[in-house]
Amino acid sequence: MSVLDLVKQNLNHIKFNDQYRTIPKISNHANKYIELNGLKVLNLSSNNYLGLAENDFLKQYSIEAIKNYGCSSGASRIVSGNYEIYAKLEEAVANFKHTQKALVLNSGYVANISLLQALAKNATIFCDKLNHASIIDGMLLSGAKFYRYAHLDMQMLENLLKKDTSNKIIITDTIFSMDGDAAPLKEIVRLSKQYEALTIVDEAHATGIFGEGRGYAYKEGLSGEIDIHMGTFSKALGSFGAYVASSEDIIDYLINTARGFIFSTSLPPAVIGANLASINYILKNPHLGEKLILMSDNVRHFLKNLGFDVGNSISQIIPVILKTNKAVLVAQKILLEKGVFVGAIRPPTVPKNTSRLRISLRADLDDNDLELIKDAFFYLGNTL
Ligand code: PMP
């Protein structure tokens, strides 16, 4: 069978299993209300949790950076794609995360694959089964031996750690992207110490939200116990790109060995300007995330009372687990008719039979928005 025949066959298979995806037509994007295929809906499917993507302060920094440095960096960082605000941003991130150094990478995806490719070659990696796809891809790319322990299962993690004698790395999301639940960081840190493993946390969904914006490890009082903190500017921080914050040696090593850093043009000034502004904005407004978490508690409570399965979410990400792909697609359509847009998350993004709606709340929702959300889910509960 030719590659083209295989493509056709696989596409048909994807369609048959209700896993087919298309790129939605969206206009009026820079708003909590968007126009989706011509329909005005409240967008609860974005990771712009604090609404900073539309923030004037970030826009100003971004415009200023374009004026000063142009539209492109023109080369990778270690050749000539460096400019003053890059170093300023990395200093700001290191201070924010209380680490010796920080390095900015081109996206969260690139950060995870680069980190693991650079550090894990001769190590064994221990990875939560529901860690983000970029971590899985990084493990595969690294060529390292790896184990995936059942989600949050510390007993299984310990059993695996006991069995292995090589250099060890434990890597975990702190807030899981499709479940909104949290890793048991205290226990992970304890096991890391006991079994002499390096600990890496992915704070993509916690940065800007927990611990005065500094992340979930900070909130748990564990910042100093974590070896490598990775996080993104692309979610609550309203911009793009990622950071790795760690010791001087680790950052120096990444600069010299991380292929995703060395062989790619560095981020454009507009992005670095906005990233710097977002860190400054969070420093000035450290409690935005707390407000969002209180709002999330309220919505979660409401959904639970309606009988929906919201898993173990503790964050602004609330799954509504409906199990089948069909149920999720029908529910998404019903909610759209009620003016609310949530993601319909299906395999391979989540395991089979756990298909779900993914609600991501944002801090700038007002009472009217919350009423709209509750009305829509009340209706859904009575319709399904
Ligand atoms: N890590 C996690 C936990 C994520 O959810 C994501 C994005 N969905 C990434 C990494 C990748 O980040 P980016 O979108 O900036 O590439």
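Residues numbered from 1 in each chain as written. Predicted model: local features only at pLDDT ≥ 70, side-chain atom pairs only at ≥ 80, totals over all residues.

S.K.: Mind showing me how you'd approach the overall build of the chain here?
M.R.: A tally of regular secondary structure across the chain gives 14 helices and 14 strands. Rg of the C-alpha trace for the chain: 21 Å, near the compact-globule value of 21 Å for 384 residues, within the 12% margin. Projected onto its principal axes, the C-alpha positions of the chain cover 55 × 55 × 55 Å. Within the chain, the proportion of its 384 residues that are buried is 48%. Sequence separation of 24 or more characterises 71% of the internal contacts of the chain that already satisfy a separation of 6 or more. (Helix = DSSP H or I, 4+ residues; strand = E, 2+ residues; numbered from the N terminus. Rg over C-alpha atoms; globule rule 2.2 N^0.38 Å. Buried ≥ 20, exposed ≤ 12 C-beta atoms within 10 Å, placed from the backbone. Contact = placed C-beta atoms within 7 Å.)

S.K.: Could you clarify how one ought to interpret the sheet that holds strand E11 (residues 317-323) in this entry?
M.R.: Picture the strands of a sheet paired through backbone hydrogen bonds; they go either parallel or antiparallel. Strand order across the open sheet formed by three strands is E11-E14-E13, with antiparallel pairing between neighbours. Every interior strand has two partners, whereas the edge strands, E11 and strand E13 (343-345), have only one. With direction set aside, neighbouring strand axes in the sheet form an average angle of 25°. Judged from the six bridges that link them, E11 and strand E14 (residues 355-360) form a sheet pairing that is antiparallel. (Pairing = 2+ DSSP bridges. Axes fitted to C-alpha atoms, helices over the stretch in contact; angles between N-to-C directions.)

S.K.: Help me understand the sheet that holds strand E10 (residues 242-246), please; the structure alone is not making it clear to me.
M.R.: Judged by pairing direction, the sheet is mixed, and its seven strands sit side by side in the order E4-E10-E9-E8-E7-E5-E6 without closing on themselves. With partners counted over all chains shown, the strands left at the sheet margins are strand E4 (101-105) and strand E6 (145-149), one partner each. On average, each strand axis in the sheet is inclined to that of its neighbour by 20°, with strand direction left out of account. Bridging between E4 and E10 involves five bridges; their strand directions are antiparallel. Bridge assignment links Val104 to a residue of E10, and that residue is Tyr243. Here helix H6 (residues 154-163) sits on the sheet in contact with strand E5 (123-128), E6, strand E7 (167-173) and strand E8 (197-202), set at roughly 155° to E6.

S.K.: What is the right way to read unusual backbone geometry from this model?
M.R.: Trans is the prevailing form of peptide bonds, just as negative phi is the prevailing case for residues other than glycine. The omega angle of the peptide bond from Pro347 to Pro348 is 10°, so this bond is cis rather than trans. Position of Pro348 relative to the elements: it lies in the loop between E13 and E14. Positive phi outside glycine occurs at His98, with the angle close to 55°. By the C-beta count within 10 Å, which is 12 here, His98 ends up exposed. At Glu212, a residue that is not glycine, the phi angle is positive and equals roughly 55°. Looking at where Glu212 falls in the secondary structure, it is placed in the loop between E8 and helix H8 (216-219).

S.K.: Would you mind going over the site of the ligand with me for this structure?
M.R.: The environment of the ligand is made up of 14 residues, and the closest members are Ser107, Gly108, His132, Ser177 and Ala204. Among the elements that take part in the shell around the ligand, helix H4 (residues 108-119) stands out by supplying three residues, more than any other. When grouped by side-chain class, the residues that make up the shell around the ligand number three nonpolar, nine polar and two charged. (Near = placed C-beta within 6 Å. Nonpolar A, V, L, I, M, F, W, Y, C, P; charged D, E, K, R; others polar.)

S.K.: Would you explain the nonpolar core in this entry?
M.R.: Nonpolar side chains in soluble globular proteins tend to end up buried together. By size, the foremost hydrophobic cluster in this structure holds 112 residues, and its most contacted members are Leu115, Ile125, Phe126, Ile169, Val244, Val320 and Val340. The element contributing the most residues to this core is helix H11 (residues 269-284), with nine residues. Two domains each provide a minimum of three residues to this core, namely domain 1 (18-47 + 287-383) and domain 2 (55-284). Beyond its immediate chain neighbours, meaning those up to four positions away, Val244 contacts Ala102, Leu103, Leu105, Ala111, Leu115, Ile228, Met230 and Leu254. (Core = buried A, V, L, I, M, F, W, Y, C linked by C-beta atoms within 7 Å. Domains from an automatic or database assignment.)

S.K.: What is the right way to look at the UniProt feature "domain: Aminotransferase class I/classII large" (unreviewed entry) in the chain in this model?
M.R.: Listed under "domain: Aminotransferase class I/classII large" (unreviewed entry) in the UniProt record, and renumbered for this structure, are residues 40-372. Summarising residues 40-372: 42% helix, 18% strand, and an end-to-end C-alpha distance of 13 Å. (UniProt positions renumbered as here; feature names shortened; annotations may be inferred.)

S.K.: In this structure, what is going on with the confidence of the model for the chain? I would like to understand it.
M.R.: Caution applies to low-pLDDT regions: their predicted coordinates should not be interpreted in detail. When pLDDT is averaged along the chain, the result is 96, and 100% of the positions lie at 70 or above. ipTM for the predicted complex: 0.99, alongside a pTM of 0.96. (pLDDT = per-residue confidence, 0-100.)

S.K.: Could you clarify how one ought to interpret the pairing of strand E3 (residues 39-43) in this entry?
M.R.: Regular strands place their side chains on alternate faces of the sheet. Bridging between strand E2 (residues 33-36) and E3 involves four bridges; their strand directions are antiparallel. Note that in E3 the partner of Glu35 across the bridge is Lys40. Here E3 pairs with strand E12 (residues 340-341) via two bridges, running parallel. Its bridge partner being in E12, Asn43 is matched across the sheet by Phe341.

S.K.: So what exactly am I meant to see when it comes to the domain arrangement of the chain here?
M.R.: Note on interface size: it is often stated as the accessible area lost on association of the parts. Annotation of the chain at the domain level lists domain 1 (18-47 + 287-383) and domain 2 (55-284). The interface of domain 1 with domain 2 comprises 17 residues on the first partner and 14 residues on the second. At the level of secondary structure, the elements contributing two or more residues to the side of domain 1 that touches domain 2 comprise helix H12 (288-305) and E11. The residue makeup of the side of domain 1 that touches domain 2, split by class, is eight nonpolar, eight polar and one charged.

S.K.: Looking at this structure, how should I read the environment of Leu161?
M.R.: Its place among the elements puts Leu161 in helix H6. Every residue in contact with Leu161, bar those within four places of it in the chain, is listed here: Phe126, Lys168, Leu191, Tyr195 and Ala197.

S.K.: Where do I start with the environment of Thr124 in this structure?
M.R.: Position of Thr124 among the secondary structure elements: in strand E5. Under the C-beta neighbour-count criterion, Thr124 is labelled buried, with 20 such atoms within 10 Å. Through-space distance from the C-alpha of Thr124 to that of Leu161 is 9.4 Å; in sequence the pair is 37 residues apart.

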